[in-house]
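Residue-level structure breakdown
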Amino acid sequence: METKVKRAKAQQAALNLYNDWSFTTNLIQHPGGRIWVLWKPSVYGVSIIKVTDQLIHCEVLHMGTGRKFWVTIVFAYNDMALRRPLWQDIKEVYDKINGLWAVMGDFNCDLKSSRAFYTWNNKQEEQHREEGNKKQNRVFIYFNIWSQAPDFRERVVNGWKTKRRGTKMYELVGKLDNLKSALRKLNKEKFCKVERKAEDAMKELKACQKKIQQDPRNKELLKMERLISEDYNN
């Protein structure tokens, strides 16, 4: 999450957000504390490996399954020149990864700025671009229930494989594209009803919140919002 909380107030701010949660920030590298990472210790064990002014890299252990993976949370600068050290930091992290790895956050750039994109030179150029734009506009949502599928781990491992060759960022984008396709296929085959239920719950939640804006003291609406939110998150 992005914040502008000063270092002296960070502890109290974290306590106000969630009880019994742990947190870390990159306040030691940036006075504005541009990145905060929060987690529930009863569910995840988190070891902070690298902290810079633009990323926090962690090793994460799921306490229930014993599975280990890595997560890199990014909040890049707007200026291209200031972002250059970030790409080097990500490359260094990548070189040391030996397992599942997620990179997420705000890169404050598009793929074209790093030349990590496809070009077409055939007669169907405009059609391909239109299809590519439609795919880019599709929002990818991860559902925790996917991990309950017996072949989930196998699909993730296979989805992470790619034959793309180029810059490290270009290869990373290829891996993420493959993985999203694999997980969408899993969802379509086994969990399509769950996604539809989540979409319906989100629509219902937005409608309820709109009513609350007009009548903020209505206890029934507040109760309904809490129940719908719990249903959506579960």
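Residues numbered from 1 in each chain as written. Predicted model: local features only at pLDDT ≥ 70, side-chain atom pairs only at ≥ 80, totals over all residues. Heavy atoms only, no water.

**Points about the sheet that holds strand β4 (residues 55-62)**
Applicable threshold: Two strands are said to pair when DSSP picks up at least two bridges between them. The helix and strand labels rest on DSSP assignments: H or I over at least four residues marks a helix, E over at least two residues marks a strand, and numbering proceeds from the N terminus. For helices, the fitted axis covers only the stretch in contact; all axes are lines through C-alpha atoms, and the angles between them, taken along N-to-C directions, range from 0 to 180 degrees. When checking whether two residues touch, look at their non-hydrogen atoms; a contact exists if any pair is within 4.5 Å.
The strand order across the open sheet formed by 4 strands is β3-β4-β5-β6, and the pairing between neighbours is mixed. Both edges of this open sheet fall to β3 (44-51) and β6 (101-106), since each of them pairs with a single strand only. With strand direction ignored, the average angle separating the axes of adjacent strands in the sheet is 25°. Those strands touched by helix α2 (residues 80-96) are β3, β4, β5 (68-75) and β6, and its axis lies near 25° from that of β4.

**Thoughts on the packing of aromatic side chains**
Rules: Only the six-membered ring of Trp is used, alongside the rings of Phe and Tyr, when aromatic pairs are assigned; centres must lie within 6.5 Å, and planes under 30 degrees apart are stacked while those over 60 apart are edge-to-face, with the rest tilted. Throughout this description, buried means an accessible area under 20% of the type-specific maximum (1.4 Å probe, protein chains only), exposed means over 50%, and partly exposed covers the range between.
On inspection of all chains with the given rule, the structure shows 4 aromatic pairs. Each ring, one from Y44 and one from F69, has its centre 6.5 Å from the other, and the planes form 90°; the classification is edge-to-face. Taken together, the residues Y44 in strand β3 and F69 in strand β5 connect sequence positions 25 residues apart. Using a relative accessible area of 29% as the deciding quantity, one classes Y44 as partly exposed. On the numbers, 6.0 Å between centres and 40° between planes, the contact of Y94 with W101 is tilted.

**A short note on the pattern of salt bridges**
Pairs may arise between side chains of opposite charge once their charged atoms sit close together. The condition that has to hold: A side-chain nitrogen of Lys or Arg and a carboxyl oxygen of Asp or Glu constitute a salt bridge if their distance falls within 4 Å.
The final tally for this structure, using the stated rule, is 7 salt bridges. The salt bridge involving K50 is made with E92; its shortest N-O contact spans 3.9 Å. Taken together, the residues span a long stretch of sequence, with K50 in strand β3 and E92 in helix α2 at a distance of 42 residues. The exposure class assigned to K50 is partly exposed, which follows from its relative accessible area of 24%. A salt bridge links E189 to R155; its shortest N-O distance comes to 2.7 Å. Taken together, the positions of E189 in helix α5 (residues 168-214) and R155 in helix α4 (residues 152-159) put the pair 34 residues apart, joining distant regions of the chain. Among the charged side chains, a network of salt bridges with common partners joins D151, R155, E189 and K190.

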